[in-house]
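Each chain is listed here by its residues.
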Amino acid sequence: MAAAGEPHSSFYDTIVVGAGIQGSFTAYHLAKRGRDTLLLEQFPLPHSRGSSHGQSRIIRHAYAQEHYTQMMAESYGLWEQLEAEAGALLYRQTGLLVLAANTNPEFQRFCQTLAQHHIPSELFTAESLRGRFPGIRPYCGEAGVSDRTAGVLYADRALRAVQDGFRRCGGALRDSEQVTDIQPGVVVTVTTSGGAYQAKSLVITAGPWANKLLAPLGLQLPLQTLRINVCYWKEKVPGAYGVSAHFPCFLAICDPHHIYGLPSNEYPGLVKICYHSGSPADPEERDRPPEAPSLPDIQVLQDFVSKYLPGLVPEPAVVEHCMYTNTPDEDFVLDRHPKFSNIVIGAGFSGHGFKLAPVVGKLLCQLSVGEEPSYTMEPFGIRRFPALPPAAL
Ligand SMILES: Cc1cc2nc3c(=O)[nH]c(=O)nc-3n(C[C@H](O)[C@H](O)[C@H](O)COP(=O)(O)OP(=O)(O)OC[C@H]3O[C@@H](n4cnc5c(N)ncnc54)[C@H](O)[C@@H]3O)c2cc1C
Ligand SMILES: O=C(O)[C@@H]1CCCCN1
């Protein structure tokens, strides 16, 4: 036992750095297997500095990349399991509409994966779209395809539920403890602002801070951290775009823009509609005015709302902020460190990782206990990035 005032040191099977949705699900799966697990978080919980905060996220099977549709089959089941364990409603089915020119190759891949995986869906012409979704005006004659299984995840509630589940399984969660040093080895030593810990394995799920933690370990991944404007738009007729009015989540592919929205829910009368990208930002200075001219995302959104969603006031009523950590191909990084096989990395979730976190956590758990992962890891390997300096591999 360390003397009073001395940081205490303890030994764990696994230490997970970062209690966002990915680290929390990883720790949850480890603790469920009886692994002695410590989950470390730099900020007091809950916080709004990373990528997992906020009231809502989209959950869907519909993807242009088939491997995510495949993983979502299991992820839906794991979300239901967590709901039952937590005795909490974490998911609300609303359906999702993908809107695009029917010649758009990405749109066609969405249609293919939905059909290939027999996901309940429906194709729409511009005409039938107007009939079914009166609040949406297919301004350029867009087609649509729906994913009836899609809906809204209550994000803040979900994060709390998985962290409570982790603790219920005997996991140790220490927040307000920033990891300041990692010494690799057969036993990894992790130093924080509050103590020193050792473990047989380490999982780094640090969101937009990932590269800061990886640099001293000789690895820099091609990650771009972006500041996202999370915009909410006022309904001209309250409820017209709400869940009760059967308004769906949507993804509009208006190349080069990707715009998405969720039915009014968390803030009555306000619809969350955002641009699927943002301006480069350091997570430590997320809201500092950008040096380079920032992305005209809000202008693009105003233009989209006034053309496609005539029942909304084309000015954002509320703007909140969040962070993306993008890889060049928007696939995740789920892999072992190239030099330290007992250090596992989960990063680069590129603005779409929340819904997959139950399966991502299971995969990172499998990598850290030395098990064969349940899915091919080919899309997520570090070695797919050709330009990594040789020292890193
Ligand atoms: C606006 C927005 C909309 C989105 N919409 C969707 C959606 O509709 N559907 C979907 O599936 N996904 C969506 N996403 C993506 C999803 O939210 C993210 O992929 C996911 O939250 C990433 O989780 P994470 O755990 O990797 O990161 P984070 O939540 O950022 O967690 C990383 C944690 O690590 C901690 N940390 C970092 N460094 C240290 C350190 N040195 N010591 C201790 N702790 C540390 C941080 O404080 C943080 O809590 C959206 C994201 C945003 C921003
Ligand atoms: O993961 C999702 O479902 C959404 C798609 C649009 C951008 C934000 N994330």
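Before any of the text, the structure's been laid out above.
Read on for a plain summary of the structure. The shown structure was predicted, so the numbers you read here are calculated from the model rather than taken from an experiment.

1. A word on the site of ligand 2
And then number 1: In the region of ligand 2, the neighbouring residues are Ile 58, Arg 60, Leu 251, Tyr 260, His 276, Tyr 324, Gly 351, His 352 and Lys 355.
And then number 2: At 2.6 Å, a side-chain N or O of Arg 60 approaches an oxygen atom of ligand 2.
And then number 3: Lys 355 is positioned such that a nitrogen or oxygen atom in its side chain is 2.5 Å from an oxygen atom of ligand 2.
And then number 4: Residues of the shell around ligand 2, tallied by class, amount to four nonpolar, three polar and two charged.

2. What to know about the environment of Tyr 232
And then number 1: Counting through the fold element by element, Tyr 232 comes out in strand β13 (residues 224–235).
And then number 2: The sequence separation of Tyr 232 and Asp 303 amounts to 71 residues, and the corresponding C-alpha distance is 15 Å.
And then number 3: Ignoring sequence-local partners within four residues, the contact set of Tyr 232 consists of Glu 266, Tyr 267, Leu 270, Val 271, Lys 272, Pro 316, Ala 317, Val 318 and Glu 320.

3. Looking at the sheet that holds strand β3 (residues 56–59)
And then number 1: The strand order β3-β8-β4 describes an open sheet built from three strands, whose pairing is antiparallel. The strands lining the two open edges of the sheet, one partner per strand, are β3 and β4 (91–93). The mean inter-strand angle of the sheet, taken between neighbouring strand axes irrespective of direction, is 30°.
And then number 2: One ladder, built from three bridges, connects β4 with strand β8 (residues 151–154); its direction is antiparallel. Considered in β8, the bridge of Gln 93 is made with Gly 151.
And then number 3: Helix-sheet contacts for helix α2 (residues 66–86) involve β3, β4 and β8, and the interaxial angle to β3 is about 135°.
And then number 4: Along the sheet, helix α5 (residues 155–168) contacts β3 and β8; its crossing angle with β8, the most-contacted strand, is approximately 55°.

4. A few points about the nonpolar core
And then number 1: Formed by 45 residues in total, the largest nonpolar core has its most connected members in Trp 79 and Leu 334.
And then number 2: Contributing elements (two or more residues each) for this core: α1 (21–32), α2, α5 and α8 (357–369).
And then number 3: Beyond its immediate stretch of four places on either side in the chain, Trp 79 contacts Ile 21, Phe 25, Ile 59, Leu 90, Leu 153, Ala 158, Phe 354, Lys 355 and Pro 358.

5. Observations regarding the environment of Tyr 267
And then number 1: By the secondary structure assignment, Tyr 267 is in the loop between β15 (257–262) and β16 (270–275).
And then number 2: Once the C-alpha coordinates of Tyr 267 and Ala 387 are considered, the two residues, 120 residues apart in sequence, prove to be 44 Å apart.

6. A short note on the site of ligand 1
And then number 1: Around ligand 1 sit 37 residues, and of these Glu 41, His 47, Ser 52, Ile 58 and Cys 322 come closest.
And then number 2: The backbone of Ile 58 places a nitrogen or oxygen atom 2.7 Å from an oxygen atom of ligand 1.
And then number 3: Gly 353 is positioned with one of its backbone polar atoms (N or O) 3.1 Å from an oxygen atom of ligand 1.
And then number 4: Elements represented by at least two residues in the shell around ligand 1 include exactly α1, β3, β13 and β18 (312–326).
And then number 5: Looking at the shell around ligand 1, the element that brings in the most residues is β18, giving three residues.
And then number 6: For the shell around ligand 1, the residue count by class is 19 nonpolar, 14 polar and four charged.

7. Some details on the pairing of β13
And then number 1: The element β13 is extensively covered by neighbouring structure, given that nine of its twelve residues are classed as buried.
And then number 2: As defined by bridge partners, β13 adjoins β18 across eleven bridges and the pair is classed as antiparallel. Its bridge partner being in β18, Asn 229 is matched across the sheet by His 321.
And then number 3: As paired elements, β13 and strand β17 (residues 279–280) share two bridges and run antiparallel to each other. Bridge pairing links Arg 227 to Ser 279 in β17.
And then number 4: One ladder, built from three bridges, connects β13 with β16; its direction is antiparallel. Within β16, the residue paired with Lys 234 across the bridge is Leu 270.

Analysis parameters
- Positions within a chain are numbered from 1, following the residues in the order the chain's sequence is written.
- Lettering for chains starts from A, numbering for ligands starts from 1, and both go in the order in which the items are written.
- For a predicted model such as this one, the threshold for reporting local features is a pLDDT of at least 70, and the threshold for listing and counting side-chain atom pairs is 80 or more; totals across whole chains, interfaces and linings nevertheless cover every residue.
- Water and hydrogen atoms play no part in the side-chain values, which are based on all heavy atoms of the structure.
- Nearness of a residue to a molecule or strand requires only that one of the residue's heavy atoms be within 4 Å of it.
- Here a polar contact means two N or O atoms within 3.5 Å. Within protein one must be a hydrogen donor candidate and the other an acceptor candidate, and residues neighboring in sequence count only if both atoms are side-chain atoms.
- Side-chain classes are defined by residue name, with Ala, Val, Leu, Ile, Met, Phe, Trp, Tyr, Cys and Pro counting as nonpolar, Asp, Glu, Lys and Arg as charged, and the others, Gly among them, as polar.
- Numbered from the N terminus, helices here are DSSP runs of H or I no shorter than four residues, and strands are runs of E no shorter than two.
- By definition in these notes, contact holds between two residues if any of their heavy atoms fall within 4.5 Å.
- A pair of strands counts as paired when DSSP detects no fewer than two bridges linking them.
- Orientation is described by lines fitted to C-alpha atoms, with helices fitted over the stretch in contact, and by angles between N-to-C directions that extend from 0 to 180 degrees.
- The set of buried Ala, Val, Leu, Ile, Met, Phe, Trp, Tyr and Cys residues whose side-chain atoms join them within 4.5 Å is what this entry labels a nonpolar core.
- To sort residues, take the accessible area from a 1.4 Å probe on protein chains only and compare it with the maximum for the residue type: under 20% means buried, over 50% means exposed, and anything in between is partly exposed.

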